Amino acid sequence: MINFKETIFALSTPPGKAALALIRISGPLSYSCIKKISTNMPPKPNVATLNEIKIQKDLIDQSITTFFKAPKSFTGEDMVEITIHGSNAVIKKIQGILSENKGVRLAKPGEFTRRAFENNKLDLTQVEAIADIVNAETEMQRKQAVSHLSGNFFKLSKEIFEKLKGTLANLEAVIDFSEEDLPENIMNEVKEQTENIIRSINEILDGASIGISIREGFLITILGKPNTGKSSFINKVSDKDISIVTSQPGTTRDLIESFIDINGYPFRFVDTAGIRESSDLVEKIGVNKALTTSKEADVNLIFLNDYKDINDFNNINNPIFVKSKQDLSGDKFNDNGYYNISSKTGFGIKDLLALIQGKINSKTQNEKLYISRERHIKCLISAKMQLEKSKEDKTVDLFAEDIRLAIKYMSELFGNVDIEDILDIIFSDFCIGK
Ligand SMILES: Nc1nc2c(ncn2[C@@H]2O[C@H](COP(=O)(O)OP(=O)(O)OP(=O)(O)O)[C@@H](O)[C@H]2O)c(=O)[nH]1
Ligand SMILES: [Mg+2]
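Novice: Could you give me a rundown of the overall build of the protein chain, with the residues and numbers involved?
Specialist: Regarding its fold elements, the protein chain presents 15 helices and 13 strands. In terms of C-alpha radius of gyration, the protein chain reaches 29 Å, well past the compact-globule figure of 22 Å for 434 residues. Expressed as lengths along the three principal axes of its C-alpha atoms, the size of the protein chain is roughly 85 × 75 × 40 Å. Every one of the 434 residues in the protein chain was classed for burial, and the buried ones make up 49%. Considering only residue pairs separated by 6 or more positions, the protein chain has 61% of its internal contacts joining residues 24 or more positions apart. Looking at the protein chain, you have 56 positive and 61 negative side-chain charges, and the mean spots of the two groups are 8 Å apart.

Here it is, written out as C-alpha cells:
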C-alpha cells in the first residue's frame, strides 16, 4: 500500500536536453521543500511566479513555480510544479536536493495518477484513458482516449450499474414482502429490466472490435501472386525500405508489418509471401501465414498479375484488387474491378489509400463510444453472462444472487471493489512523473 505521508517528486517531461523541463512534487512537504530553496514562492495557489531556485547564494536555475493546494490539484494533495530549463545538470541537481529532505522521495511509475485515483479525483476508466492519451499516435486514437477521459464510458457503465441496483432492489422486495404489499407484475418488470440491461451491454460490446482496431491499428493485409509488387508497395507507403524487393518471385517469406498514420487513421499494413504452390518448406509456411492473417484483416489488398487471377482469391474477405507497375502499362486507375498503381512513380497510391480509408470509415461512427481494453470487455462480458444466467428457471433468491454478481462485475470497472491486484497491472503502464 502507498504511504500517503510521503512526498513524491519526478521529472514529468522526457529526460534529455530541451528548452524546458517540469518537475512535479506532491504530498504534505511539497510546498516547504521547494520554499526552502526559493526566492519567490507563489503567494497563493494556482498562480505562477518567476522564482529563483537557490542554495544559499548559489543560483541553481530560474523557474516558473506553481502551487496547487489540496484538494484542488491533480493528485488531490498539495502539489508544486517547477518548470526549469531542460538541462540534465539542472534536473540532476534539483532532484538531488529534493531527495535530501526526509520524507521526500522519487515517485514510482504512475504514482501521481495512482494518488489521484486513491483520492477520488479519477475513476479507473479515466486512469486508463490517461495512459491511452500518452500512448496515442494518431488523431483517431487521441479522440478515443479523450472520450474515455471525459468520462463517457464511465457514465454509460454507471447508468447500467444503477439500473442493476434498481433491479436488485425490486428482487429484494419480492423476497422480503408478501405478495399483497407488492405492485402487480413486479417479476415481469424485473425481467424486462434485465433484458434492457443486456441490450445496453451488447451495444457497448458491439463497438469493441472497432475500438481494438483503433487502439492497435486497422489491419491491411497485402496479399497476392508472387512478384506483383507487394513489398515495393509497403516500402512506398511506409516511406522506408522495410521489406526486401528483388525480381525473383518468392522473395518475401515472413510477415513484415508497418504502422502508418493516414489522415489520423491508424493502420497496420502487413506484407506477405506471394501465394503459390511451392515445395520449399519455408515458403509454404510463409504462404500459410499470409492466408491466416488475411482472415483477420479489415481490408485485403490483393495484388494481381492479370485480371483472371481474381478467381484464385474468391474466398478472401474484404478484398480490394490491385495491379501494380502501372508505369509500364499506362492504364488508368480504376479498371473494371481492380485498380492500377505504381510504386515506382506513385501513380494511384493516394487514391488507393483513400479507398482503404473509405472502407474503414464506413465501419466507424463519429460519436460512437468504442471500448478497447481487455479489462473493460471482460467485465462487461462477465456481467452480461451473469444476466443471461439469471433468465434460467430459478428461485427469486438465486435470481437476486445473479444480479448481485453482475453488479460486482460492473463495479470492478470503476475500481470500487477489491481490486488491489488489477491496480498494479494498470499503473505499470505508466511512466515516472505521470
Ligand atoms: N516498373 C515497376 N516495377 C515494379 C513496381 N513494383 C515492383 N516492381 C518490380 O517488381 C519486382 C517484384 O517486386 P516486389 O515488390 O519484390 O514483389 P512482391 O510481390 O513482393 O514479390 P514476392 O515477395 O516474391 O511475392 C521487382 O523487380 C520490383 O522492382 C512498379 O510499380 N513498377
Ligand atoms: Mg515481397
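Here the narrative resumes, following the displayed structure.
Novice: Lay out the sheet that holds strand S13 (residues 338-340) with the relevant residues and their values.
Specialist: Read across the open sheet, the seven strands follow the order S8-S9-S7-S10-S11-S13-S12; overall the sheet is mixed. Looking at which strands have only one partner, the edges of the open sheet turn out to be strand S8 (256-262) and strand S12 (334-335). Across two bridges, strand S11 (residues 319-323) lies against S13 in parallel orientation. Residue pairing in the sheet places Val322 in a bridge with Tyr339 of S13.

Novice: Any chance you could break down the coordination of the magnesium ion (ligand 2) for me, citing the residues and the numbers?
Specialist: Around the magnesium ion (ligand 2), the protein contributes the donor atoms Ser231 (OG) and Thr252 (OG1), at 2.0 Å from the metal centre. Here Ser231, found in helix H9 (residues 230-238), pairs with Thr252, found in the loop between H9 and S8; they are 21 residues apart in sequence, far enough to count as distant. Residue classification places Thr252 among the buried residues on the basis of a relative accessible area of 11%.

Novice: An account of the environment of Phe347 is requested, with residue identities and associated values reported.
Specialist: Mapped onto the secondary structure, Phe347 falls in the loop between S13 and helix H12 (349-361). Here Phe347 falls in the partly exposed class, since its relative accessible area comes to 31%. Not counting residues within four places of it along the chain, the set of residues in contact with Phe347 comprises Gln326, Asp331, Lys332, Phe333, Asn340, Ile341 and Ser342.

Novice: Quick rundown of the site of ligand 1? Include the residues and the values.
Specialist: Every one of the 23 residues lining ligand 1 counts as a neighbour, but Lys230, Ser231, Ser232, Gly250 and Asp327 are closest to it. At a separation of 2.8 Å, an oxygen atom of ligand 1 approaches a polar side-chain atom of Thr252. Elements with a minimum of two residues in the shell around ligand 1: H9 and helix H11 (326-329). Element by element, the count of residues in the shell around ligand 1 is highest for H9, at three residues. In terms of residue class, the shell around ligand 1 is made up of four nonpolar, 15 polar and four charged.

Novice: Before we move on, can you summarise the nonpolar core with the specific residues and values?
Specialist: Residues Leu164, Ile201, Ile371, Leu380, Leu387, Ile403 and Met410 are the most contacted members of the largest nonpolar core, which totals 32 residues. Within the residue set of this core, elements represented by two or more residues are helix H6 (152-176), helix H7 (186-206), helix H13 (374-390) and helix H14 (396-414). Once residues lying within four places of it in the same chain are set aside, the contact partners of Ile371 are His148, Phe153, Ile204, Leu205, Gly207, Ala208, Gly211, Ile212, His376, Ile377 and Leu380.

Novice: Give me the pattern of salt bridges: which residues, what numbers.
Specialist: With the rule as written, the count across this model stands at 26 salt bridges. Put simply, Arg105 and Glu111 hold a salt bridge, and the shortest N to O gap is 2.7 Å. The partner of Asp132 in a salt bridge is Arg215, and the shortest N-O contact between them spans 3.0 Å. Of this pair, Asp132 sits in helix H4 (residues 124-135) while Arg215 is found in helix H8 (residues 208-216), placing the two residues 83 residues apart along the sequence. Taking relative accessible area as the criterion, Asp132 reaches 16% and is therefore assigned buried. For Arg215, a relative accessible area of 31% gives the class partly exposed. Here the salt bridges do not stand alone but share partners, grouping Glu6, Glu77, Arg105, Glu111 and Arg115 into one network.

Basis of the calculations
Residues numbered from 1 in each chain as written. Chains lettered and ligands numbered in written order. Predicted model: local features only at pLDDT ≥ 70, side-chain atom pairs only at ≥ 80, totals over all residues. Heavy atoms only, no water. Helix = DSSP H or I, 4+ residues; strand = E, 2+ residues; numbered from the N terminus. Rg over C-alpha atoms; globule rule 2.2 N^0.38 Å. Buried < 20%, exposed > 50% of the residue type's maximum accessible area, 1.4 Å probe, protein only. Contact = heavy atoms within 4.5 Å. Lys, Arg positive; Asp, Glu negative; His and termini not counted. Charge placed at Lys NZ, Arg CZ, Asp CG, Glu CD. Pairing = 2+ DSSP bridges. Donors = N, O, S within 2.8 Å, 3.2 Å for Na, K, Ca; no water. Near = heavy atom within 4 Å. Polar contact = N/O pair within 3.5 Å; in protein donor to acceptor, adjacent residues only side chain to side chain. Nonpolar A, V, L, I, M, F, W, Y, C, P; charged D, E, K, R; others polar. Core = buried A, V, L, I, M, F, W, Y, C linked by side-chain atoms within 4.5 Å. Salt bridge = Lys/Arg side-chain N within 4 Å of Asp/Glu carboxyl O.

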